[in-house]
Amino acid sequence: MKMRRARAGLTTLEILVTVAIAGVFASMAVMNMDIVKRRQSERNALREISSLANQARTYARTSQYPVRLSVATNVMGATVLRWEQLPCDTAHRWGDSCPAAACLLNACGKGGCQCVAQGEGIAIPATLDVSSLNGLCWLGRGGAPRYQAPGSPTCQVTGQPPQTVLRITQSQSGKLDHVLQVDGLTGKPRMVDCTQQPVDPTCNIQ
């Protein structure tokens, strides 16, 4: 009776299947790496936003000029967030003459608004929507916060502090990511992570 010789090596089909499986695992690893890198970029930006908001408040308190946050697009088409120190209409830095009328609706360098100073822009990842922060302002002499709806005059003494938290969401899904809570009296900002469990109650404020 003849004995069958044990087959050595792999067939072409088996090799192709092995390569395909390896390719799937490699793709999954690359996708996971991209997610990790994207999330790290977002978290770095959120830390910088928190620092920028505190910096803007400090400049308002120490310089006597109002300072606001401005969301803009740079020459490369990327979204940036910066602080703008607004001028007054007169030589006086007190009362209702600040900010200058030209800066109520215009960003620095537009519509005749010539700012006292500007902060370096923070690059915002395309995956985050920070439009709610645009126009958040701290008045001179104390840093009292003011916030108006987009398109409305900003930094007015007669304005109101933020009536709710400012939401930072995922650009595509609209899912809540973080909120910036601003104390209505002191203007102190606090960044809250809404992706962690248990969810901070601040994230549920509407």
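What counts, and where the lines are drawn
- Residues numbered from 1 in each chain as written.
- Predicted model: local features only at pLDDT ≥ 70, side-chain atom pairs only at ≥ 80, totals over all residues.
- Heavy atoms only, no water.
- Helix = DSSP H or I, 4+ residues; strand = E, 2+ residues; numbered from the N terminus.
- Buried < 20%, exposed > 50% of the residue type's maximum accessible area, 1.4 Å probe, protein only.
- Areas by Shrake-Rupley, 256 points an atom, 1.4 Å probe, with all protein chains shown as cover.
- Patch = residues over 30% accessible without salt bridge, like charges linked within 9 Å, V, L, I, M, F, W, Y side chains within 5 Å.
- Salt bridge = Lys/Arg side-chain N within 4 Å of Asp/Glu carboxyl O.
- Phe/Tyr/Trp six-rings, centres within 6.5 Å; stacked < 30°, edge-to-face > 60°.
- Pairing = 2+ DSSP bridges.
- Disulfide = S-S within 2.5 Å.

Colleague: So, the overall build of the protein chain: which residues are in play, and what are the values?
Modeller: Each helix and strand counted, the protein chain has 1 helix and 10 strands in total. Counting all 206 residues of the protein chain, 38% fall into the buried class. Taken as a whole, the protein chain presents about 12400 Å² of accessible surface, with 57% of it coming from carbon and sulfur.

Colleague: Outline a nonpolar patch on the surface, listing residues and values.
Modeller: On the surface, a cluster of nonpolar side chains totalling about 600 Å² of accessible area is made up of Leu13, Val17, Ile21, Val24, Phe25 and Met28. Of note, Val24 is situated in helix α1 (residues 12-63).

Colleague: So what's going on with the packing of aromatic side chains? Which residues, and what values?
Modeller: On inspection of all chains with the given rule, the structure shows 1 aromatic pair. On the basis of an interplanar angle of 35° and a centroid distance of 4.6 Å, the ring pair of Tyr59 and Trp83 is categorised as tilted. One end of the pair, Tyr59, is in helix α1; the other, Trp83, is in strand β2 (residues 79-85), with 24 residues separating them in the sequence. Judged by its relative accessible area of 6%, Trp83 falls in the buried class.

Colleague: Please give an account of the pairing of strand β8 (residues 166-170) that cites residues and values.
Modeller: Most of β8 is tucked away, with 4 of its 5 residues classed as buried. Here strand β5 (residues 128-129) pairs with β8 via 2 bridges, running antiparallel. Opposite Asp129, over in β8, you have Thr169 as the bridge partner. The hairpin turn running from β8 into strand β9 (residues 176-182), its antiparallel successor, is 5 residues long, and Gly174 in that turn takes a positive phi close to 75°.

Colleague: I'd like a description of the pattern of salt bridges, backed by residues and values.
Modeller: Taken as a whole and judged by the stated rule, the model has 6 salt bridges. In this structure, Arg38 engages Glu42 in a salt bridge whose closest nitrogen and oxygen atoms are separated by 3.5 Å. Of the two residues, Arg38 and Glu42 both sit in helix α1, 4 residues apart, roughly one turn of that helix. Here Asp177 ties to Arg39 by a salt bridge, and the two come within 2.7 Å at their closest N and O atoms.

Colleague: Residues and numbers for the sheet that holds β9, please.
Modeller: Reading across the sheet, the 4 strands line up as β5-β8-β9-β10 and stay open at both edges, with antiparallel pairing between neighbours. At either end of the open sheet lies a strand with only one pairing partner, and these are β5 and β10 (189-193). Pairing geometry for β8 and β9, over 4 bridges, is antiparallel. In the sheet register, Leu166 faces β9, and the bridge partner there is Leu180.

Colleague: Just give me the short version of the state of the cysteines, but keep the residues and values in it.
Modeller: Throughout the structure, instances matching the rule amount to 5 disulfides. Shown here is the disulfide that connects Cys88 with Cys98, its sulfur atoms set 1.7 Å apart. For the disulfide bridge between Cys88 and Cys98, the dihedral angle about the S-S bond is near 85°, and by the sign convention the bridge is right-handed. Remark: Cys98 occurs in the loop between β2 and β3 (117-118) and Cys88 occurs in the loop between β2 and β3; sequence separation between them is 10 residues. Classification of Cys88 by relative accessible area gives buried; the value is 12%. The disulfide bridge from Cys108 ends at Cys115, spanning 1.7 Å between sulfur atoms. Handedness here is read from the sign of the S-S torsion; for Cys108 and Cys115, about -85°, the answer is left-handed. Accessibility assignment for this pair places Cys108 and Cys115 in one class, buried. Cysteine pairing for the protein chain, with bonded cysteines counted in sequence order: 1-2, 3-5, 4-6, 7-8, 9-10.

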